[in-house]
Each structure stands twice: as structure tokens, then as C-alpha cells.
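One letter stands for each residue in the lines below.
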Amino acid sequence: MDTKLLALDYPVLNIFWTMLELFLWVLWFFLLFKIITDIFRSHDLGGWGKAGWLLVVIILPLIGVLAYLIARGAGMGKRDIEQAQQAEAAFKAYVRDAAAGTPPAGGAPGGRSHVDDLARLADLKDRGAISDEEYQKAKDRLLV
């Protein structure tokens, strides 16, 4: 059978319908995985509650997903925001710890970091306590 004839037997409207079905399937699985993830990260549900919602969502997917969205949909957004805030706070804490971390071996004396010493030097320069040349020499000594 000629493949050109097969392509002609599939009307354009059917192509659009197939694409719509595919899109809806992808959307459905995305929503299903989003709800399952939300069930597991929800702190206000106990173990039995999580197991019950999971069974309902898996065994009766259409009814379970719609019931979950109606019953707990507003909390999903709040939990997303909380998780994003926790991730941002953890990232900021990591950056702060990395910037104020202990210097490598042979670094600044007394457990101070190079960042602290450079900030102190910049402050001295800004107040006029040291000249630009002194600042540059001290900075070069720190960064070597």
C-alpha cells in the first residue's frame, strides 16, 4: 500500500482532534503527578489521610482528582509558596555561609574570612583612613 494514500485518508480535522487528545493526556498526567506530589508534601495530613487520598486518586482518577481539587485545591497554592520560600531561604543561608565561611589553609588569621578583611579595608578607604595606594597594596596582600 502506498504511504501517500494513507496520509490522504487522514483528514485535517482528525489531526487537530488527535493533537487535542494528546495535549489533554499530557495535561491530565501533569495534574495527576502534581496532586500526588502535593499529597506527600502536605504536613496537615496524617499517614492514613495520605493513603486514603492516594488510593482515591489512583483507583478513581477522574473523581479522585476532582474531589482533591475541590477539597484541598486552595491549600496546594499555599504549599507551593511555602516550599518556594523555604528553598529561597535555604539558598540565601547557603550564600551567607559560603561568603562568611572560614578561609582556606593559610588564609586570614583569627578565623576571619577574606570577605570580612576586604570589607574592612573598603570601609577604611571610604572613611579616608587609608589612601588608594595603601588600599590596593593591602588588597593585593590579601588576595595572594
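Please refer to the structure higher up on the page.
Every value quoted in this text rests on a predicted model; they were computed, and no experiment measured them.

Each helix and strand in the protein was counted, giving 6 helices and 0 strands. Secondary structure elements of the protein occur, N-terminal to C-terminal, as α-α-α-α-α-α. Within the protein, residue pairs in contact and separated by at least 24 positions form 39% of the contacts whose partners lie at least 6 positions apart. Of the roughly 11100 Å² of accessible surface on the protein, a fraction of 69% belongs to carbon and sulfur atoms.

Below, the discussion takes up the nonpolar core. Core analysis: the largest hydrophobic core is formed by 9 residues, namely Leu32, Ile35, Ile36, Ile39, Leu54, Val57, Val65, Tyr68 and Met76. Contributing elements (two or more residues each) for this core: helix 2 (12-41), helix 3 (47-59) and helix 4 (61-99). For this core, the element with the most residues is helix 2, which contributes 4 residues. In this structure, Leu32 is in contact with Val57 and Val65, ignoring residues within four places of it in sequence. Counting 5 residues, the second-largest nonpolar core is a separate cluster that includes Leu121, Ile130, Tyr135 and Ala138.

On to the environment of Leu32. Positionally, Leu32 belongs in helix 2. Residues Leu32 and Val65 lie 33 residues apart in sequence; the distance between their C-alpha atoms is 7.0 Å.

The next subject is the side chain of Asp38. One can find Asp38 in helix 2. The buried category is assigned to Asp38, whose relative accessible area is 0%. Within the local environment of Asp38, its side chain forms a polar contact with the side chain of Tyr68, the two groups lying 2.4 Å apart. Looking at Asp38, its side chain comes within polar contact range of the side chain of Arg79, at 2.7 Å. In contact with Asp38, other than residues within four places in its own chain, are Tyr68, Met76 and Arg79.

Take the packing of helix 2 against helix 4 next. One can describe the packing of helix 2 onto helix 4 by two numbers: an axis separation of 9 Å at closest approach and a directional angle of 60 degrees. Classified by the interaxial angle, the pair formed by helix 2 and helix 4 is oblique. Of the two elements, helix 2 crosses helix 4, and the hand of that crossing is left-handed. Where helix 2 approaches helix 4, its residues Trp28, Leu31, Leu32, Lys34, Ile35, Asp38, Ile39 and Arg41 are matched on the opposing element by Pro61, Leu62, Val65, Tyr68, Leu69, Met76, Arg79, Asp80 and Gln83. Its residues assigned to classes, the contact of helix 2 with helix 4 shows 11 nonpolar, 1 polar and 5 charged.

On to helix 6 (residues 132-143). Helical geometry note: an α-helix holds 3.6 residues per turn, so side chains three or four residues apart project in the same direction. Its 12 residues give helix 6 an end-to-end C-alpha distance of 16 Å, which sits within 8% of 16 Å, the value for a rise of 1.5 Å per residue. When we look at burial in helix 6, the residues that qualify are Tyr135, Ala138 and Leu142. For helix 6, the buried positions fall inside an angular range of 70 degrees around the axis, keeping them on one side. Residues of helix 6 that are exposed and angled more than 90 degrees away from the buried face: Asp132, Glu133, Lys137, Arg141 and Leu143.

About the thresholds
Residues numbered from 1 in each chain as written. Predicted model: local features only at pLDDT ≥ 70, side-chain atom pairs only at ≥ 80, totals over all residues. Heavy atoms only, no water. Helix = DSSP H or I, 4+ residues; strand = E, 2+ residues; numbered from the N terminus. Contact = heavy atoms within 4.5 Å. Areas by Shrake-Rupley, 256 points an atom, 1.4 Å probe, with all protein chains shown as cover. Core = buried A, V, L, I, M, F, W, Y, C linked by side-chain atoms within 4.5 Å. Buried < 20%, exposed > 50% of the residue type's maximum accessible area, 1.4 Å probe, protein only. Polar contact = N/O pair within 3.5 Å; in protein donor to acceptor, adjacent residues only side chain to side chain. Axes fitted to C-alpha atoms, helices over the stretch in contact; angles between N-to-C directions. Parallel < 35°, antiparallel > 145°, perpendicular 65-115°, else oblique. Left-handed = near helix turned anticlockwise from the far one by under 90°. Nonpolar A, V, L, I, M, F, W, Y, C, P; charged D, E, K, R; others polar. Expected span 1.5 Å × (residues − 1). Arc of directions from axis to C-beta.

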